[in-house]
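Architecture at a glance
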Amino acid sequence: MRTTPSSALQLLVQILDRYNSLEEFLGHIRRELDAPTQELPRWSDAAAPAASRTPEAPRLPQVSVAHSTSGRHARRDEPA
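Not measured: the values here are computed from a predicted model.

What counts and how
Residues numbered from 1 in each chain as written. Predicted model: local features only at pLDDT ≥ 70, side-chain atom pairs only at ≥ 80, totals over all residues. Heavy atoms only, no water. Helix = DSSP H or I, 4+ residues; strand = E, 2+ residues; numbered from the N terminus. Buried < 20%, exposed > 50% of the residue type's maximum accessible area, 1.4 Å probe, protein only. Areas by Shrake-Rupley, 256 points an atom, 1.4 Å probe, with all protein chains shown as cover. Phe/Tyr/Trp six-rings, centres within 6.5 Å; stacked < 30°, edge-to-face > 60°.

1. A closer look at the overall build of the protein
Scanning the protein for helices and strands turns up two helices and zero strands. Burial statistics for the protein: of 80 residues in total, 8% are counted as buried. For the protein, the computed accessible surface area is about 8500 Å², with 56% contributed by carbon and sulfur atoms.

2. Quick word on the packing of aromatic side chains
Using the criterion set out here, one finds one aromatic pair in the structure. Considering the side-chain rings of Y19 and F25, the 5.3 Å spacing of their centres and the 55° angle between planes classify their relative orientation as tilted.

Below is the structure:
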């Protein structure tokens, strides 16, 4: 995305309208970045209502796949 002089000027005007100076805007950005992240409490599965627990995945049947040494998809590192 290319920034045109008019869009950069519009951004500067918006910053100055809201923060009165570029230094105040940059100070606000620094405070936001330096502020500690709010850590949310962990939700343990035991404390979760039964309806919200994720069901265990169903077991899939074992499927036997025949090993082919010929054909289009045969492995190249094995002799045919």
